[in-house]
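Summary of structural features
For reference, the chains in residue letters:
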Amino acid sequence: WPTLCCENVNLPKLGYNFFRLVFLPRHSTFLHQAQKPYFREDHFSGGRPVLTTGGHVVIAIYGGDSSNIAATSNSVSVNVSRPNPALDPDVRGIAIAQAGALRRFAETQIENVHRRLETLHQDELQCVGADVCVTYNHGIGVMQDQPRQPVRALGYAADSRIQERDPALKAIDLNARSAPGSKYLYGGPTIAIWSAGAINIGKYENNGALIDNRFNTSGVTAGADMLIAPGFKAGVAIGYGRDRTDVGSFGSKSTAGGLAATAYGSYRVYGSLFIDALAGVGDARMKSRRVLPGEIDEATGRRDGLYWYGSAALTWEQKWDRLLLAPYLRFDVIAGSLDSYVESGPRNFALAYDSASIRSSSGIVGLRGAYDIPMDWGVLAPMARLEYRRVIENGVTQSLSYANEGGIVYPMLVNGASRNLFQAGLGLRARRDSTAKDFGVSGEIEYLFGTAGSDFTSHALRGAVKIAW
């Protein structure tokens, strides 16, 4: 038996077959006539031995048989070393992808609900400036310059104080409330059901990951809202999101899915000035696939996460005949946590991840506009949007270790990012006015492009549908 002193063995070079080839650095001719000796499973009562990182002394004991005497080999000193997994590009990329999925899930729900809040402004402003605004779900109203025309409203009525400008009109209002079968908006609130969806495709380039991350996030939201008091509307929504992020070029990836719930409200402060707010919570269930060095095997894992989000906006809606312009300010905040988990795979390469937390915030300045084009069936409105965002993502500390070696913890710091994001969008909204027989329906679609220079780009497609009855 040879004596091997202080051999340095690097696992990535030998792969997870190292423990079957521990004597490979130098050949032995003691067993089986010049064949290399192997540590096979059947050579050990407890299976193939597992050596942790550090120095070890290995000896072989031969019990002898009828033709050979017992023998004990010289000792072999083996130093087992494994690389710092925190420096592995795929490990970093997956950690960034999981934190990014939580942020994008929250951002998708925030955007979907804010689009709904924007349409509530227009419902509220339909009657601003009119001397009379009496609106029913099934009834007749009187509008300025149209004293004898039956009027149908898509959504909600304006402030009831307008109706009180004339005692005669107030009497008409009260009479309509008491009419059999009437569904006057304030006496019997109209409920609007809506849904919205978005697909967001983008790319992070070297965002602390050492390699590129390409993501595809989709989310849908459905909600219901109603008029709570003059000038104030509120509702609730539920949402679902899916995310897939491809990490690097060798097949590593992270996928996620989860549900969210949001409460929201819009209040007309004065005239055409609105305050909107929302708050929500969601969960995420993640799967990861990490291709190991050499691309001969992979480690997989499952991880759960939870996130919270909130947003507030101030909007000034200005309309000149058919043209609408609305500058706005908005502030978003997102926080979340990722549970600990352990990968499944080759036991010498599988990793254990500790829990981690995320935080981010965004300050937004934007301008949106629309131009109404009357149609026989309702209104068609081209839309446009320009937006600047200052995004601050706090750093994430992800501690990890080898799954079969709990003693050494490798901290991995994913640096936070502060970026200036510019976004532009074009869209189209269609609204069919309600009639005595049909409900009012509106829908819209919008494309947005966002960029923060060469480090980040995104393309988003959004759509929404609303039905009021």
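Quick summary incoming for the structure in this document. Since this is a predicted model, take the numbers as computed values, not measurements.

In terms of nonpolar packing, the biggest core is built from 27 residues, with Leu102, Tyr264, Leu278, Met286, Tyr307 and Tyr309 touching the most fellow members. Contributing elements (two or more residues each) for this core: helix H2 (89-125), strand S6 (191-204), strand S9 (252-270), strand S10 (273-291), strand S11 (298-316), strand S13 (323-338) and strand S16 (356-371). Take this core: its biggest share by element is ten residues, from H2.

The residue Asp283 is located in strand S10 in this model. What makes Asp283 partly exposed here is its relative accessible area of 26%. For the pair Asp283 and Ser337, spaced 54 residues apart in sequence, the C-alpha to C-alpha distance is 9.6 Å. Once residues within four sequence positions are removed from consideration, Asp283 is found in contact with Gly257, Gly258, Leu259, Gly305, Leu306 and Tyr307.

This part is about the pattern of salt bridges. Evaluation of the coordinates by the stated rule reveals 20 salt bridges. The partner of Asp283 in a salt bridge is Arg285, with the nearest N and O atoms 2.7 Å apart. The network of salt bridges with shared partners includes Glu111, Arg115, Glu118, Glu317, Arg330, Asp332, Arg368, Arg385, Glu387, Arg389 and Glu446.

Our next topic: the packing of aromatic side chains. Evaluated as defined, the whole model comprises six aromatic pairs. For the pair Phe105 and Tyr307, a centre-to-centre distance of 6.3 Å together with 40 degrees between the ring planes defines the contact as tilted. Within this pair, whereas Phe105 is found in helix H2, its partner Tyr307 is found in strand S11, the two being separated by 202 residues in sequence. In this structure, Phe105 and Tyr307 share a single accessibility class: buried. Joined through ring pairs, the aromatic side chains of Phe105, Tyr307 and Tyr309 make up one cluster. The ring of Phe215 is capped by Arg104, whose NZ or CZ atom sits 4.2 Å from the centre of that ring.

Another point: the sheet that holds strand S20 (residues 410-414). A sheet is described by the order of its strands in space; here four strands give the open sequence S14-S15-S19-S20, paired in antiparallel fashion. What marks the edges here is a single partner per strand, and that holds for strand S14 (341-342) and S20. Taken together, the two bridges between S14 and strand S15 (residues 351-353) define a ladder with antiparallel strand orientation. Paired with Val342 across the bridge in S15 is Ala352.

Bridging between S9 and S10 involves 15 bridges; their strand directions are antiparallel. When the sheet's bridge partners are listed, Tyr264 is paired in S10 with Leu278. Where S9 folds back on S10, the antiparallel hairpin that results is connected by two residues, among which Gly271 adopts a positive phi of roughly 55 degrees. In the sheet, S10 pairs with S11 via 19 bridges, with the strands oriented antiparallel. Along S11, the bridge assignment pairs Ser288 with Gly301.

Rules and cut-offs
- Residues numbered from 1 in each chain as written.
- Predicted model: local features only at pLDDT ≥ 70, side-chain atom pairs only at ≥ 80, totals over all residues.
- Heavy atoms only, no water.
- Core = buried A, V, L, I, M, F, W, Y, C linked by side-chain atoms within 4.5 Å.
- Buried < 20%, exposed > 50% of the residue type's maximum accessible area, 1.4 Å probe, protein only.
- Helix = DSSP H or I, 4+ residues; strand = E, 2+ residues; numbered from the N terminus.
- Contact = heavy atoms within 4.5 Å.
- Salt bridge = Lys/Arg side-chain N within 4 Å of Asp/Glu carboxyl O.
- Phe/Tyr/Trp six-rings, centres within 6.5 Å; stacked < 30°, edge-to-face > 60°.
- Lys NZ or Arg CZ within 6 Å of the ring centre and 35° of its normal.
- Pairing = 2+ DSSP bridges.

Keep in mind that these numbers describe shape and distance, not what the molecule does.
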